[in-house]
Amino acid sequence: MADAAEGGVMRRGRNETEEERADRMWQELIQEVRVAQMGVQILFGFLLTVVFTEKYDDLSGTDQTIYIVTVVLGACATGALIGPVSLHRLVSGRRVKPQAVQMASRLTLLGLVLLLATTTSSLLLILRVATHDGFVPYLVVGVVCWYLLCWFVLPLWTRHRHTSR
């Protein structure tokens, strides 16, 4: 990475102003949010239909509770992942893009955590209904560990490995 002293300020990486950086980061964030939104909206839409099937009445009280928790988590994930769009629209033109990018980034991360919880509870419910076997919790934990590795551990490791001195 190139370091250059300009006006007593050390600059690293791209030669861009704070506003240019915010514009670039906003575009990158929106692309990331599009991927996550698609997943959560498909999952949430599917979840909304389950209650209207005959099979729902056959679910145990525990499974119905898991379903309700899953739907609420899906609704919260959807809200968090659509939040950056609303945030951008409401603050656009107010010269607060760097702050908006930071807030949108936090909403996106929260949305990913909620999506993880939604996916976990969905998987738990589906496997409980499909198999009724004692190995279901272990399988769900294995999948959650995989999600944690892919979504958080590897990115944080990469960030630490390649940005720490």
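Residues numbered from 1 in each chain as written. Predicted model: local features only at pLDDT ≥ 70, side-chain atom pairs only at ≥ 80, totals over all residues. Heavy atoms only, no water.

(A) Geometry of the overall build of the protein. On a plain count of helices and strands, the protein comes out with five helices and two strands. Its helices and strands taken in sequence order, the protein reads β-β-α-α-α-α-α from the N to the C terminus. Radius of gyration (C-alpha) of the protein: 21 Å, far over the 15 Å computed for a compact globule of 165 residues. Judged by the C-alpha coordinates and their principal axes, the protein covers about 70 × 35 × 15 Å. Per-residue burial over the protein gives 28% buried out of 165 residues. Of all intrachain contacts in the protein linking residues separated by at least 6 positions in sequence, the fraction that spans at least 24 positions is 68%. For the protein, the accessible surface area stands at approximately 11200 Å², while carbon and sulfur atoms represent 63% of it. Positive and negative side-chain charges in the protein, numbering 16 and 14 respectively, have mean positions lying 8 Å apart. (Helix = DSSP H or I, 4+ residues; strand = E, 2+ residues; numbered from the N terminus. Rg over C-alpha atoms; globule rule 2.2 N^0.38 Å. Buried < 20%, exposed > 50% of the residue type's maximum accessible area, 1.4 Å probe, protein only. Contact = heavy atoms within 4.5 Å. Areas by Shrake-Rupley, 256 points an atom, 1.4 Å probe, with all protein chains shown as cover. Lys, Arg positive; Asp, Glu negative; His and termini not counted. Charge placed at Lys NZ, Arg CZ, Asp CG, Glu CD.)

(B) Examining the nonpolar core more closely. Residues Val40, Leu47, Tyr56, Tyr67, Val71 and Leu114 are the most contacted members of the largest nonpolar core, which totals 18 residues. Broken down by secondary-structure element, the contributors of at least two residues to this core are helix H1 (18-50), helix H3 (61-91) and helix H4 (97-131). Broken down by element, the residue count for this core peaks at seven residues, all from H3. Among residues more than four places away in sequence, those in contact with Leu47 are Tyr67, Thr70, Val71, Thr118 and Ser122. Core analysis: the next-biggest nonpolar cluster, separate from the first, contains seven residues, Ala22, Trp26, Val101 and Ala104 among them. (Core = buried A, V, L, I, M, F, W, Y, C linked by side-chain atoms within 4.5 Å.)

(C) Layout of the side chain of Thr70. By the secondary structure assignment, Thr70 is in helix H3. In this structure Thr70 comes out as buried when scored by relative accessible area, which is 0%. Within polar-contact distance, the side chain of Thr70 engages the side chain of Ser121 at 2.8 Å. Discounting residues that sit within four places of it in the chain, Thr70 has contacts with Leu47, Thr118, Ser121 and Ser122. (Polar contact = N/O pair within 3.5 Å; in protein donor to acceptor, adjacent residues only side chain to side chain.)

(D) Molecular detail of the packing of H1 against H4. Contact pair H1 / H4: the axes reach a minimum separation of 9 Å and the direction vectors enclose 25°. Here H1 is positioned roughly parallel relative to H4, judged by the angle of their axes. Crossing handedness for the pair H1 and H4: left-handed. On H4, the residues touching Glu18, Ala22, Asp23, Met25, Trp26, Leu29, Val33, Ala36, Val40, Leu43 and Leu47 of H1 are Lys97, Pro98, Ala100, Val101, Ala104, Ser105, Thr108, Leu112, Leu115, Thr118, Thr119 and Ser122. Its residues assigned to classes, the contact of H1 with H4 comprises 15 nonpolar, five polar and three charged. (Axes fitted to C-alpha atoms, helices over the stretch in contact; angles between N-to-C directions. Parallel < 35°, antiparallel > 145°, perpendicular 65-115°, else oblique. Left-handed = near helix turned anticlockwise from the far one by under 90°. Nonpolar A, V, L, I, M, F, W, Y, C, P; charged D, E, K, R; others polar.)

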